[in-house]
Amino acid sequence: MSERSPKQLAALHAASAVQSGMRLGLGSGSTVYLIVQALGERLARGELRDLQVVVASRWTEDAAKDAGLTIATLDDLPQLDLAIDGADEIDPQRNMIKGGGGALLRERIVLAAAAQRMIVVDDSKLVQTLGERWAVPVEIVQFGWRVPEAALRRQGAQPVRRMDGAQPLITDEGNFILDCAFGPIPDPAALDRRLRAIPGVMDHGLFIGMADRVIVGGADGVREL
């Protein structure tokens with residue numbers, strides 16, 4: 001165990017909380033990938049049975065299938081027992097910036113469907129104020145995308161359209177992402193409201209009040225905020 005990274009330790013701790021028969025939601029990103037691997041190992045050892053998994057991205061779906069997990073959809077399971085996801089930043093109030101992996105819209109829906117929401121990070125993701133290190137991803141429709149881009153500039157952001165190589169990144173819902181550097185955000189809830197009022201914005205990476213449990217991996221092991 002001591003040879004594992006803080007992220008791996010936190011992922012193993014989260015995977016150990018999953019029980020047989022659960023309806024489980026999974027987000028996206030490198031931490032979720034480690035959790036998927038750990039769940040697949042538990043299934044192979046016979047420690048888990050009848051687990052149904054709803055995923056927030058095609059990337060997570062591919063990883064989950066490779067691990068032997070049974071995939072369902074929110075049409076099949078509109079109510080989940082537990083959702084597990086990572087975060088790019090998290091503050092002392094457990095507000096988050098998410099969306100570094102490009103799946104923020106689906107991640108929010110999966111988290112909203114769950115009775116309990118567990119966020120898994122290493123201690124490098126802990127900040128005093130959101131926006132200290134990460135830009136806020138804003139998912140916008142492709143049509144007329146320069147209009148919300150200009151509105152975001154008026155809000156004080158420095159939006160940059162996310163790319164996938166030489167082409168704009170397209171989300172699983174067919175949208176663009178603008179990474180918007182605001183700097184430190186003293187009032188995330190107020191910025192959340194302003195972003196949602198911009199025509200063309202489908203969602204953004206500020207997740208307010210959506211973490212019931214936060215599992216943190218560090219040099220000294222795993223703790224829960």
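What you are looking at is a predicted structure, and each value in this text was computed from that prediction instead of being measured.

1. Remarks on the overall build of the chain
In step 1: Broken down by element type, the chain carries 6 helices and 16 strands.
In step 2: Its C-alpha atoms give the chain a radius of gyration of 17 Å, near enough to 17 Å, the size a compact globule of 225 residues would have.
In step 3: Overall, the chain is about 55 × 40 × 35 Å in size when its C-alpha atoms are taken along their principal axes.
In step 4: Taken across its 225 residues, the chain has 50% of its residues classed as buried.
In step 5: Counting contacts in the chain only where the partners sit at least 6 residues apart, residues at least 24 apart contribute 74% of the total.

2. Side note on the pattern of salt bridges
In step 1: Scanning the entire structure with this criterion turns up 17 salt bridges.
In step 2: A salt bridge links Glu173 to Arg106, with the nearest nitrogen and oxygen atoms 2.7 Å apart. Of this pair, Glu173 sits in the loop between β11 (167-168) and β12 (176-181) while Arg106 is found in helix α4 (residues 104-112), placing the two residues 67 residues apart along the sequence.
In step 3: Sharing partners across several salt bridges, the network here consists of Arg58, Arg106, Asp172 and Glu173.

3. Some points on the sheet that holds strand β6 (residues 96-97)
In step 1: The strand order β5-β6-β14 describes an open sheet built from 3 strands, whose pairing is antiparallel. The open sheet terminates on both sides in strands that have one partner only, identified here as β5 (89-90) and β14 (206-207).
In step 2: Of the pairings in the sheet, the one linking β5 to β6 comprises 2 bridges and is antiparallel in character. Within the sheet, the bridge partner assigned to Ile90 lies in β6 and is Met96.

4. Some remarks on the packing of aromatic side chains
What describes a pair of aromatic rings is the distance from one ring centre to the other and the angle between the planes of the rings.
In step 1: Following the criterion strictly, the structure yields 2 aromatic pairs and no others.
In step 2: Summarising the aromatic geometry, the rings of Tyr33 and Trp59 are spaced 5.6 Å apart at their centres and angled 45° between planes, so their arrangement reads as tilted. Here Tyr33, found in helix α2 (residues 30-44), pairs with Trp59, found in helix α3 (residues 58-66); they are 26 residues apart in sequence, far enough to count as distant.
In step 3: Residues Trp145 and Phe176 carry aromatic rings whose centres are separated by 5.9 Å and whose planes lie at 90° to one another, so their mutual orientation is edge-to-face. Separated by 31 residues along the polypeptide, Trp145 in the loop between β8 (136-140) and α5 (146-154) and Phe176 in strand β12 bring together distant segments of the chain. Of the two residues, Trp145 and Phe176, neither departs from the other in class, the shared state being buried.
In step 4: Positioned above the aromatic ring of Phe207, the side-chain terminus of Lys98 is 5.5 Å from the ring centre.
In step 5: It is Arg161 that lies over the ring of Phe176; its NZ or CZ is 5.0 Å from the centre.

5. Some remarks on the sheet that holds strand β7 (residues 114-122)
In step 1: Overall, mixed pairing links the 7 strands, which are arranged β3-β2-β1-β4-β7-β15-β16 in an open sheet. Strands at the two margins of the open sheet, each flanked by one partner only, are β3 (70-72) and β16 (221-224). Here the strands of the sheet are splayed against their neighbours by 25° on average, with no regard to which way each runs.

6. A look at unusual backbone geometry
Among all residues save glycine, negative phi is the norm, and among peptide bonds the norm is trans.
In step 1: In this structure, Asp50 takes a positive phi of about 55° despite not being glycine.
In step 2: Within the secondary structure, Asp50 is located in the loop between α2 and β2 (52-55).
In step 3: Positive phi is not limited to glycine here, since Arg94 has a value of about 70°.
In step 4: By secondary structure assignment, the location of Arg94 is in the loop between β5 and β6.

7. Some points on α2
In step 1: Along its 15 residues, α2 runs 21 Å from first to last C-alpha, staying within 8% of the 21 Å computed at 1.5 Å per residue.
In step 2: Check the buried side of α2 and you find it contacts α1 (6-16), β1 (23-26), α3, β4 (80-85) and β7.
In step 3: In the stretch just after α2, Gly46 is the one whose phi turns positive, near 80°.

8. Things to note about the packing of α2 against α3
In step 1: Two elements in contact, α2 and α3, have axes whose closest approach is 9 Å; the angle formed by their N-to-C orientations is 20°. Judged by the inter-axis angle, α2 sits roughly parallel to α3. Taken as a pair, α2 and α3 cross one another with a handedness that is right-handed. In this structure, α2 contributes Val32, Tyr33 and Val36 to the contact, and α3 contributes Trp59, Thr60, Ala63 and Ala64.
In step 2: Residues of the contact of α2 with α3, tallied by class, amount to 6 nonpolar, 1 polar and no charged.

Thresholds, definitions, all that
- Residues numbered from 1 in each chain as written.
- Predicted model: local features only at pLDDT ≥ 70, side-chain atom pairs only at ≥ 80, totals over all residues.
- Heavy atoms only, no water.
- Helix = DSSP H or I, 4+ residues; strand = E, 2+ residues; numbered from the N terminus.
- Rg over C-alpha atoms; globule rule 2.2 N^0.38 Å.
- Buried < 20%, exposed > 50% of the residue type's maximum accessible area, 1.4 Å probe, protein only.
- Contact = heavy atoms within 4.5 Å.
- Salt bridge = Lys/Arg side-chain N within 4 Å of Asp/Glu carboxyl O.
- Pairing = 2+ DSSP bridges.
- Phe/Tyr/Trp six-rings, centres within 6.5 Å; stacked < 30°, edge-to-face > 60°.
- Lys NZ or Arg CZ within 6 Å of the ring centre and 35° of its normal.
- Axes fitted to C-alpha atoms, helices over the stretch in contact; angles between N-to-C directions.
- Expected span 1.5 Å × (residues − 1).
- Parallel < 35°, antiparallel > 145°, perpendicular 65-115°, else oblique.
- Left-handed = near helix turned anticlockwise from the far one by under 90°.
- Nonpolar A, V, L, I, M, F, W, Y, C, P; charged D, E, K, R; others polar.

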